[in-house]
Amino acid sequence: MSENDPKFAVEEVDAVSSPKRAFVEDAPEETAAQKLDRKRDYLEGFLAAKPEGVTPGEPGGDIYDGVVNALKEIFDPEIPVNIYDLGLIYGVDVSDDAHVMVTMTLTTPHCPVAESMPGEVELRVSAVPGVRDAEVNLVWDPPWDPQKMSDEAKLELGML
């Protein structure tokens, strides 16, 4: 294909027939029992399906999702919200050989769990099936602020 060839074609038509209109009278008849039966949930299969072609270390993969679920089980002792929804987790990187690197921060450098929280994160992430080893990188830049919290966390704390 050269530069002068058009990338699309234009088709001109004289008229287009309008689609058939839907009327209540055309709906199939249902008995009272059929109306009360639970209708098929069309989203059931869609919501349960996993994306195709996703490696375990990508979002949607088994290892990545397992790490995120493990992080959601760790709660800040002063705030009744898990550290993932609190916005303390800046990144979860899973290498091809199942090495997990978690980049996180704390609400303040003077946080009472500054010494123990990274160790707990490392232990919990290491316990996820499929993880070879875990490493936690504690950073202070950018500093944490309440805008990093998920909407669920803000709702839990009465900020929405």
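Look up: the structure comes first, before these words.
Residues numbered from 1 in each chain as written. Predicted model: local features only at pLDDT ≥ 70, side-chain atom pairs only at ≥ 80, totals over all residues. Heavy atoms only, no water.

**Q** What's the story with the overall build of the chain in this structure? I'm lost.
**A** Counting its regular elements, the chain contains 5 helices and 3 strands. Counting helices and strands in the order they occur from the N terminus, the chain gives α-α-α-β-β-α-β-α. In terms of overall size, the chain is more extended than a compact globule, its C-alpha atoms giving a radius of gyration of 26 Å where 160 residues would be expected to give roughly 15 Å. The principal-axis extent of the C-alpha atoms belonging to the chain is close to 75 × 65 × 35 Å. Counting all 160 residues of the chain, 28% fall into the buried class. Considering only residue pairs separated by 6 or more positions, the chain has 55% of its internal contacts joining residues 24 or more positions apart. (Helix = DSSP H or I, 4+ residues; strand = E, 2+ residues; numbered from the N terminus. Rg over C-alpha atoms; globule rule 2.2 N^0.38 Å. Buried < 20%, exposed > 50% of the residue type's maximum accessible area, 1.4 Å probe, protein only. Contact = heavy atoms within 4.5 Å.)

**Q** Teacher, can you tell me more about the sheet that holds strand E2 (residues 99-104) here?
**A** One key point about sheets: their strands pair by backbone hydrogen bonds, in either a parallel or an antiparallel sense. Strand order in the open sheet formed by 3 strands is E1-E2-E3, with mixed pairing between adjacent strands. The sheet is open, and its two edges are formed by strand E1 (89-94) and strand E3 (133-138), each paired on a single side. Going across the sheet, the axis of each strand differs from the next one's by a mean of 15 degrees, ignoring polarity. As paired elements, E1 and E2 share 5 bridges and run antiparallel to each other. (Pairing = 2+ DSSP bridges. Axes fitted to C-alpha atoms, helices over the stretch in contact; angles between N-to-C directions.)

**Q** How should the pattern of salt bridges be read in this particular structure?
**A** Opposite charge on two side chains lets them pair, provided their charged atoms get close. Taken as a whole and judged by the stated rule, the model has 5 salt bridges. A salt bridge links arginine 124 to glutamate 120; the shortest N-O distance between them is 3.4 Å. Taken as a pair, arginine 124 and glutamate 120 lie in helix H4 (residues 117-126) at a separation of 4 residues, close to a single helical turn. Residue glutamate 120 is classed as partly exposed on the basis of its relative accessible area, which comes to 31%. Among the ionic pairs, aspartate 145 bridges to lysine 148, the shortest N-O distance being 3.7 Å. For aspartate 145, a relative accessible area of 29% corresponds to the partly exposed category. What makes lysine 148 partly exposed here is its relative accessible area of 31%. Residues joined in a network through salt bridges with shared partners are Asp97, Arg132 and Asp133. (Salt bridge = Lys/Arg side-chain N within 4 Å of Asp/Glu carboxyl O.)

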